[in-house]
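Working through the structure, step by step
Single-letter residue listing:
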Amino acid sequence: MTKKPQARATQRRTALLNAAVGLLTENGFAALTHRAVAQRAALPLAATTYYFASRDDLLAEAFTHLVERELGHLREHGLTGLADDLADADRPHQLGLWELYVHAGRDPALQTIARRWSDGCLAVTADHLGLPPAHPRARLLYATVCALWLEHVVEQRPLDDLRTLLALALENASRPE
């Protein structure tokens, strides 16, 4: 039985996006070329230009793909398991996510994707506290979690420090007003 053309196209596009995410998270922006993505996906070079008109399109869609995947994981595991998730996380993958997020500050096309990441993380934080996302305690906890996460990934600070500070931040943010 042959695959339907639509299913094949979806499968190829997904393979290209997964390849692009892999390249971005392993080696950063310089590694993202149509040729490298096609090679990683084991597809012809023409496939990348068929689905993504430019490198910028490929980058934006790969970032979106990564953000949706990461938000799904965060929603599933929540904040209480974040330290364990980071202990088990692939460091280059985490560096790639944060590199894309920071790069969005220089690329207006990526800013809405970065905002989706921030808003999604804030929503998970607010849900954990039982508060609306606009509540100052939710925003403060979100900012604290991001800073601790970034410190851990970039500076490779001790995991026990992350666990202690994250538990303290969660405890303080969870206190009734």
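Quick note: structure is the one above.
Report on the accompanying structure. As a convention, each chain's residues are numbered from 1 in the sequence order in which they are written. In keeping with the predicted nature of the model, local features appear solely for residues at pLDDT of at least 70, side-chain atom pairs appear and are counted solely at 80 or more, and the whole-chain, interface and lining totals rest on all residues. To get the side-chain values, all heavy atoms of the structure are used, and hydrogens and water are removed first.

Section: the environment of R12
Helix numbering and strand numbering both begin at the N terminus, where a helix is a DSSP run of H or I of at least 4 residues and a strand a DSSP run of E of at least 2. Here R12 shows up in helix α1 (residues 5–27). Linking R12 and A41, residues 29 residues apart in sequence, is a C-alpha distance of 8.3 Å. By definition in these notes, contact holds between two residues if any of their heavy atoms fall within 4.5 Å. In this structure R12 touches L43, P44, A47 and Y51, once residues within four positions along its chain are discounted.

Some points on the pattern of salt bridges
Salt-bridge detection follows one rule: a side-chain nitrogen of Lys or Arg within 4 Å of a carboxyl oxygen of Asp or Glu. Under the counting rule described, the total for this entry stands at 6 salt bridges. Note that R40 and E26 form a salt bridge whose closest N and O atoms lie 2.6 Å from each other. Highlighted residues: R40 in helix α2 (residues 34–41) and E26 in helix α1, separated in sequence by 14 residues. The exposure class of R40 is partly exposed, given its relative accessible area of 38%. Between E171 and R175 there is a salt bridge, with the nearest N and O atoms lying 3.5 Å from each other. Buried residues are those whose accessible area, probed at 1.4 Å on protein chains only, stays under 20% of the maximum for their type, while exposed residues exceed 50% and partly exposed ones sit between those limits. On the basis of relative accessibility, which here comes to 44%, the residue E171 falls in the partly exposed class.

Focus on unusual backbone geometry
Located in the positive-phi region is A42, a residue other than glycine, with phi close to 60 degrees. Its location among the elements puts A42 in the loop between α2 and α3 (45–51). For Q156, which is not a glycine, the phi torsion comes out positive at approximately 55 degrees. Inspection of the secondary structure puts Q156 in the loop between α8 (136–155) and α9 (159–174).

Structural notes on α2
Here α2 has its buried residues at H34, V37, A38 and A41. Viewed end-on, α2 has its buried residues packed into an arc of 100 degrees, placing them on one side of the element. Facing away from the buried surface of α2 by more than 90 degrees, the exposed residues are R35 and Q39. Looking at the residues trailing α2, positive phi occurs at A42, about 60 degrees. The arc in question is the one spanned by the directions pointing from the helix axis to the C-beta atoms.

A closer look at the side chain of E70
With respect to the helices, strands and loops of the structure, E70 is situated in helix α4 (residues 55–77). Here the positive residues are Lys and Arg and the negative ones are Asp and Glu; neither His nor the chain ends is included. Within the buried set, E70 has no salt-bridge partner at all; the shortest N-O distance to an opposite charge, 4.8 Å, is to R69. With sequence-adjacent residues up to four places away left out, E70 is seen in contact with H93, Q94, L97 and W117.

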